[in-house]
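Structural features, examined
Spelled out, the chains give:
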Amino acid sequence: MRTSTVELTADSARGGAARRTTAWIGGGLAVAAGLASVLLAPTDALQGHAQRLMYLHVPAAWVAYLAFAVVLAASGAYLVRGDARWDNVALAATEIGVVLTVLTLATGSLWGRLVWGAWWAWDPRLVSTALLALVYAAALALRRALAERAGVPHHGDPKVARPAAAVGIAGFLLVPVVHFSVVWWRSLHQQATILAPERPPIDPRMALALLLALAAATVAATWVLAHRVVRLQRRLDPARVSTSPRPAPPVPARLP
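A brief look at the structure comes next. None of the values given here were measured: they were computed from a predicted structure. (Residues numbered from 1 in each chain as written. Predicted model: local features only at pLDDT ≥ 70, side-chain atom pairs only at ≥ 80, totals over all residues. Heavy atoms only, no water.)

1. Comments concerning the pattern of salt bridges
Pairs can form between side chains of opposite charge whenever their charged atoms are close. Under the counting rule described, the total for this entry stands at three salt bridges. We note a salt bridge from Arg 143 to Asp 87, for which the minimum N-O separation is 2.6 Å. Taken together, the residues Arg 143 in helix α5 (residues 124–150) and Asp 87 in helix α4 (residues 84–115) connect sequence positions 56 residues apart. Assessed through its relative accessible area of 2%, Asp 87 is described here as buried. (Salt bridge = Lys/Arg side-chain N within 4 Å of Asp/Glu carboxyl O. Helix = DSSP H or I, 4+ residues; strand = E, 2+ residues; numbered from the N terminus. Buried < 20%, exposed > 50% of the residue type's maximum accessible area, 1.4 Å probe, protein only.)

2. As for the nonpolar core
The nonpolar side chains of a soluble globular protein tend to be buried, and buried together. Counting 24 residues, the largest nonpolar core has Phe 68, Ile 96, Leu 132, Tyr 136 and Leu 225 as the members making the most contacts within it. Listing elements by their share of this core, those giving two or more residues are α3 (54–81), α4, α5, α7 (174–184) and α8 (204–236). In terms of residues, this core owes the most to one element, α4, which gives eight residues. Those residues in contact with Tyr 136 that lie beyond four places of it in its chain are Phe 68, Val 71, Thr 94, Val 98, Gly 168, Gly 171 and Phe 172. (Core = buried A, V, L, I, M, F, W, Y, C linked by side-chain atoms within 4.5 Å. Contact = heavy atoms within 4.5 Å.)

3. Details of empty space enclosed by the protein
Going through the model one piece at a time under the given rule, you end up with one cavity of 30 Å³ or more. In this model, the largest cavity occupies a volume close to 50 Å³. Every residue lining the largest cavity is listed: Val 71, Ser 75, Ala 90, Thr 94, Tyr 136, Ala 139, Arg 143, Ala 164, Ala 165 and Gly 168. Elements represented by at least two residues in the lining of the largest cavity include exactly α3, α4, α5 and α6 (158–171). Tallied by class, the residues present in the lining of the largest cavity amount to six nonpolar, three polar and one charged. (1 Å grid on protein atoms, 1.4 Å probe; cavity = no way out; pocket = protein on both sides within 12 Å on 5 of 7 lines; lining within 4 Å. Points joined across faces, edges and corners; volume = space filled by probe spheres on them. Nonpolar A, V, L, I, M, F, W, Y, C, P; charged D, E, K, R; others polar.)

In structure tokens, the structure reads:
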């Protein structure tokens, strides 16, 4: 059965089935990626087992990029069409992007401690990534602040959605800065593993494990996005709430 993006975010039986299928696919890919990263991929000659953090660190960063790209597209679509469903997508993608960017920073910090001997370094990649997380976290905080001031929901209402869309679009300018920071400036961080200007030197077995991890993270994030969008839509659609009266309790029969 073919599954489209519209079906994934549809609050229907078919949409629910599509989301469950996506979850199973993501889970299967995650198991395959875990096995490949531990059993198939060799140990790095210089970094040792610390390098295996790549199979979590890189997918988190990659899907964060994708999430912020979704924010860009959905925010632009909302400003053009004014459809609250696009704002729901932008909000869900922002939440996913912030969580994954924080995970990227956490795994990168641990990796740096194991390899560089320091939890943090004022490196262009690290600083720009932290700034990216702060900008989109500020977008979420802005939603809450505007919603409380106007007394409206924090998504779907133009008083909140329009300023949040502007921040979401402007914030995406940081994504290429983060990615190409290791090329533009002197950096302790290794060169880009994916989307590199030149083909990165990587063992084919490592590349296979990394591709599986990227696929698993992408599918899992797609499921989370669809699930979150459906929940946000239900909050805005009172017609989804059942208003039918409760059945009356049975009346006990009288004894003759």
